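# Structural features, examined
Listed here are the chains, written in short residue letters.
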Amino acid sequence: RVDPFTSGISALVFFLVILFLALSGLLTFPGYYLRAIINKNKTPLANFNVSLRQSILISTGMVGLLILKSTEGLNWWDGILLIASLVFLEMFFRS
């Protein structure tokens, strides 16, 4: 058993990495199927690449917010700044 209150930083890092990978994987499939329904003229690989990229960005945002929350550094402007930076990064990839 792992007690989150007594375990060290390695357990927290391990948890956050597993959470990131799980969120990325789980968010990829709904995004892919929605894109396949909407964009029927694109190749399946193009839909998958966009879906994977967006799921990684969303997972990065969620894990980043959790890291800020766990270090008591989460304010409303920090959360908005993190989300806005990820939105701008997505806009950069789209252009």
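Because the structure is a prediction, the values reported are computed rather than measured.

Attention now moves to a nonpolar patch on the surface. There is a patch of nonpolar side chains on the surface, built from Ile9, Leu12, Val13, Phe14, Phe15, Val17, Ile18 and Leu21 and spanning about 790 Å² of accessible area. You can see Phe14 is positioned in helix H1 (residues 9-38).

Time to look at helix H3 (residues 76-94). Structural remark: α-helix, 3.6 residues per turn; residues separated by three or four positions point the same way. Taking 1.5 Å per residue, 19 residues should reach 27 Å; H3 reaches 27 Å between its end C-alpha atoms and fits that length. Regarding H3, the residues found buried are Gly79, Leu86 and Glu90. Take H3 and look down its axis: the buried residues cluster within an arc of 45 degrees, on one side only. The exposed set on the far side of H3, more than 90 degrees from its buried face, consists of Ile80, Leu81, Phe88 and Phe92. Close packing links the buried residues of H3 with helix H2 (44-70).

Centre distance and the angle of the planes are the two values used to describe a pair of aromatic rings. Taken as a whole, this structure holds four aromatic pairs when the rule is applied. With 5.6 Å between their ring centres and 80 degrees between their planes, Trp76 and Trp77 make a pair best called edge-to-face. Of the residues examined, Trp76 reaches a relative accessible area of 63% and is grouped as exposed. Trp77 sits in the partly exposed class, given a relative accessible area of 47%. With a centroid separation of 5.9 Å and an interplanar angle of 55 degrees, the aromatic rings of Phe92 and Phe93 are classed as tilted. Relative accessible area serves as the criterion here: at 57%, Phe92 is assigned to the exposed category. Using a relative accessible area of 41% as the deciding quantity, one classes Phe93 as partly exposed.

Relative to the helices and strands, Gly64 resides in helix H2. Judged by its relative accessible area of 15%, Gly64 is buried. For the pair Gly64 and Phe88, spaced 24 residues apart in the sequence, the C-alpha separation amounts to 16 Å.

The rules behind each value
Each chain has its residues counted from 1, running along the sequence as written. Totals for whole chains, interfaces and linings use every residue, but because this is a predicted model, local features are given only for residues with pLDDT of at least 70 and side-chain atom pairs only at 80 or more, for both listing and counting. Here the side-chain values reflect all heavy atoms present in the structure, with hydrogen atoms and water set aside. Like charges are joined within 9 Å and nonpolar side chains (Val, Leu, Ile, Met, Phe, Trp, Tyr) within 5 Å, but only among residues with over 30% relative accessible area and no salt bridge; these make up the patches. Only the protein chains shown count as covering a residue, and every accessible area follows the Shrake-Rupley method with a 1.4 Å probe. Salt bridge, as applied in this entry: a Lys or Arg side-chain nitrogen positioned within 4 Å of an Asp or Glu carboxyl oxygen. Under the scheme used here, helices are H or I runs from DSSP no shorter than 4 residues and strands are E runs no shorter than 2 residues, and both carry numbers assigned from the N terminus. Under the convention used throughout, the expected extent of a helix is 1.5 Å for every residue step, that is, one less than its residue count. To sort residues, take the accessible area from a 1.4 Å probe on protein chains only and compare it with the maximum for the residue type: under 20% means buried, over 50% means exposed, and anything in between is partly exposed. The directions from the helix axis to the C-beta atoms are what the arc is built from. Only heavy atoms enter the contact rule, under which two residues are in contact if any of them lie within 4.5 Å. Classification of ring pairs uses Phe, Tyr and Trp, with its six-membered ring standing for Trp, and accepts pairs whose centres are within 6.5 Å; under 30 degrees between planes counts as stacked, over 60 as edge-to-face, and the remaining range as tilted.

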